[in-house]
Amino acid sequence: MNDNEDTLDKIFERAIKGKSIFKDRNTLRIEYVPDKLLFRDEQITRLGQILAPILRGNKPSNALLYGKTGTGKTVVAKYVMKKLSEKSKLTNVKFSFVYVNARLALTEYKILVEFARELGMYIPFTGLSISEALDRILIHLANNHLKTILILDEIDFYVKNYGDNLLYEFMRSQEKLPSDSFISLIGISNDLKFKEFLDPRVLSSLSEEEIVFPPYTVEELKVILWERAKLAFNEGAITESAINLCAALAGAEHGDARRAVDLLRVAGELAERSGSNQVTDEHVKMAVKSIEKDRIYEAVRSLPLHAKIVLLSILFFKEPETTGKIYSKYVELCKKLGIPELTQRRVSSLISELDLLGLVSAPVISKGRFGRSKRVKLATPILTIKEALMEDDTIKLLF
DNA sequence: CCTCCACTGGAAACCTAGGCTC
DNA sequence: GAGCCTAGGTTTCCAGTGGAGG
């Protein structure tokens, strides 16, 4: 029996016996909201106090939650909203809460589209002005006497890219709404500096209440992971040192619980796939690599065609190259494909975008007499990028 | 100290897809 | 269907620039 057969055999064997590493892998998903949130009592209480007035039909203050990624902001917000919804069934007050992630929505307009969709109304994905879209939402709220709490996640991303117009409109929306409906805004931010971009009026209104989420310590992460592991894995399916390693790796960054839980999930999946019956340190180490690879793969795959061609052009050079050189290569590739090429100005922007995604590194350097340009080189394993680029039918023609 | 390369990156104009009103 | 609107991507234009070589 060779290794493959051996592995398959183990997997099938376990499937038959109904025994697996996981008891309930859903508890390790990002969206999962646990019944009990650890080390966040203070924040939960504060947010609860802030939002409680809605149970009597009054408008809660706007609030701002901030802290680094994976410090529990989103999960606390969702948790409190869940509890609040349950409580509201006992009273007559009807309200809705809407969760929108600004970074996933991408544009100002799409935030509104998302907001509307969550309220159960339809707004066309193009064709309306922003103010028209907002007006429609307000009319909908007014007609249905809706009290709404809008949780705007990654609000810093939105403000940095689009300014605070929309926030300002939300703040002023009360003037256009009857007294029995309102929008309260809960902003969630990874970055405190974004306040500098806000108009003072918006700032004072948004940060009527502020809740800070400190990073988890490694010790706290360990406890959190243990709690999750108990729900997710079968008895004895994970070693203590594997959990500690997850906690240590995530703690080394900045106490990122999301990353810690992610590591645990992927490590579990890898262990299961390899036919092992226990998650060990080795699986965690493999998980680190696997997560990084997936990230790159996904980033490349979702790139628009021209960005992919630019990336491929960069791939051709072993040494760091200037924008000019890469542009010539890019033009050459476009000719081969028989598609019209973009201007160098645009390609320069595309390179900057690839830099932002972390796929390439492209700092601007000066070479004195020989001009000033970006120094472009890959920042990620070439094989992974190649593999991901091959997925594209058009790009494939160039290999 | 000055020059001048090979761009950078801001600003505005332009194009396209789609929805609006009448 | 005409004539209007907007968002988002792109092109056009161009002033600005860090520093090696003179």
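The preceding data block contains the structure.
For clarity, every value in this text was computed on a predicted model and none was experimentally measured.

Analysis parameters
Residues numbered from 1 in each chain as written. Chains lettered and ligands numbered in written order. Predicted model: local features only at pLDDT ≥ 70, side-chain atom pairs only at ≥ 80, totals over all residues. Heavy atoms only, no water. Pairing = 2+ DSSP bridges. Helix = DSSP H or I, 4+ residues; strand = E, 2+ residues; numbered from the N terminus. Axes fitted to C-alpha atoms, helices over the stretch in contact; angles between N-to-C directions. Contact = heavy atoms within 4.5 Å. Near = heavy atom within 4 Å. Polar contact = N/O pair within 3.5 Å; in protein donor to acceptor, adjacent residues only side chain to side chain. Parallel < 35°, antiparallel > 145°, perpendicular 65-115°, else oblique. Left-handed = near helix turned anticlockwise from the far one by under 90°. Nonpolar A, V, L, I, M, F, W, Y, C, P; charged D, E, K, R; others polar.

Draft legend 1. View of the sheet that holds strand 5 (residues 209-212). The parallel open sheet is built from five strands, whose spatial order is 2-3-4-1-5. Looking at which strands have only one partner, the edges of the open sheet turn out to be strand 2 (95-101) and strand 5. Ignoring which end each strand starts from, the neighbouring axes of this sheet average 15° apart. With four bridges connecting them, strand 1 (residues 63-66) and strand 5 associate as parallel partners. By the bridge assignment, Tyr66 is partnered in strand 5 with Val212. Its contacts with the sheet place helix 2 (residues 41-51) against strand 1, strand 3 (147-153), strand 4 (182-189) and strand 5, and it is angled at close to 165° to strand 5.

Draft legend 2. Region of the structure containing the protein's contact with DNA strand C. What surrounds DNA strand C is a group of 13 residues, the closest being Thr107, Thr343, Arg346, Ser366 and Gly368. Sugar and phosphate atoms constitute 64% of the interface atoms of DNA strand C, taking the interface as everything within 4 Å of the protein. One nitrogen or oxygen atom from the side chain of Ser366 is found 2.8 Å from a base nitrogen belonging to DNA strand C.

Draft legend 3. Local environment of the packing of helix 5 (residues 108-118) against helix 6 (residues 130-143). For the pair helix 5 and helix 6, the least separation of the axes is 10 Å and the interaxial angle reads 15°. Between helix 5 and helix 6, the crossing angle belongs to the class labelled roughly parallel. Once helix 5 is placed against helix 6, the crossing between them reads as left-handed. Contacts from Glu108, Tyr109, Leu112, Phe115 and Ala116 of helix 5 reach helix 6 at Ile130, Ala133, Leu134 and Ile137. For the contact of helix 5 with helix 6, the residue count by class is eight nonpolar, no polar and one charged.

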